[in-house]
Amino acid sequence: MTMRPLPQLVQYLLPVVGALALIGCLVVGASATVVTTCRAAADSDARVDYGFCVAELGMHRESPDADVWGLAKVAALTGVNNADNAVYDIKAVLPAKRPGGAGAGADGPTRAALEKCGRLYDSVGFAFAEADDEINNRRYAAGKGKVAEAVSLARQCDDALAKAAAVPSPLAQHSSYNVRIANICTAITNLIK
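For the chain, the name recorded in an unreviewed UniProt entry is Pectinesterase inhibitor domain-containing protein, with Miscanthus lutarioriparius as its organism. Regarding the chain, the relevant UniProt record gives this comment under Sequence similarities (unreviewed entry): "Belongs to the PMEI family."

**Description of the packing of aromatic side chains**
In total, this model carries one aromatic pair according to the counting rule given. Ring centres 5.2 Å apart and planes at 75° place the aromatic pair Phe52 and Tyr177 in the edge-to-face group. Note that Phe52 is positioned in helix 2 (residues 50–58) and Tyr177 in helix 6 (residues 172–191), a separation of 125 residues in sequence. Here the two residues Phe52 and Tyr177 agree in accessibility, since each one is buried.

**Quick word on the state of the cysteines**
Under the definition given, this model contains two disulfides. Linked covalently through their sulfurs, Cys38 and Cys53 form a disulfide whose S-S length is 2.0 Å. In this structure, the disulfide formed by Cys38 and Cys53 twists by about -75° around the S-S bond and is classed as left-handed. You can see Cys38 sitting in helix 1 (residues 5–44) and its partner Cys53 sitting in helix 2, a full 15 residues away along the chain. Overall, Cys38 belongs to the buried group, its relative accessible area being 0%. Judged by its relative accessible area of 0%, Cys53 is buried. Numbered by order of appearance in the sequence, the disulfide-linked cysteines of the chain pair as 1-2, 3-4.

Conventions adopted
Residues numbered from 1 in each chain as written. Predicted model: local features only at pLDDT ≥ 70, side-chain atom pairs only at ≥ 80, totals over all residues. Heavy atoms only, no water. UniProt positions renumbered as here; feature names shortened; annotations may be inferred. Phe/Tyr/Trp six-rings, centres within 6.5 Å; stacked < 30°, edge-to-face > 60°. Helix = DSSP H or I, 4+ residues; strand = E, 2+ residues; numbered from the N terminus. Buried < 20%, exposed > 50% of the residue type's maximum accessible area, 1.4 Å probe, protein only. Disulfide = S-S within 2.5 Å.

Shown next, in the form of structure tokens:
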């Protein structure tokens, strides 16, 4: 008993399998840039968290097609997003003042610190956006300077909250993220040839 239909089935499946293999190679190849760039960044700068780098840059819509230069810009844009999220979170904690001057939510010193942080994180977002512009224009030193400025501004917020005795800081996650993505952006920018 011979099974002749099998070669016909294989003949029909080969193009499908080939197409799936090609798609798989393209997907792996695109993410390999994020993986290899994050590995190189982590190897060149001990402050870079490899897993965080892959996770954060890998989910950005521009990452699949980005080279090292593009990933430095993606890191800066990710910093912009974090700063915008911090401003949003601050606004959620600080509802508008009620008539008569009373405000809901935070008390006097904490409220003042959060209002300051809102302005600071707005500036953090602009600093990261300017870093993206500088890297885009291949002015890498200026881009890294803007990233450092973003970190400094976020630390000013941390200091203001500490002085107001806002423990735990409602922005601790944003502050940590800010430093981590700044380290990634700087390390990747240093990899650009």
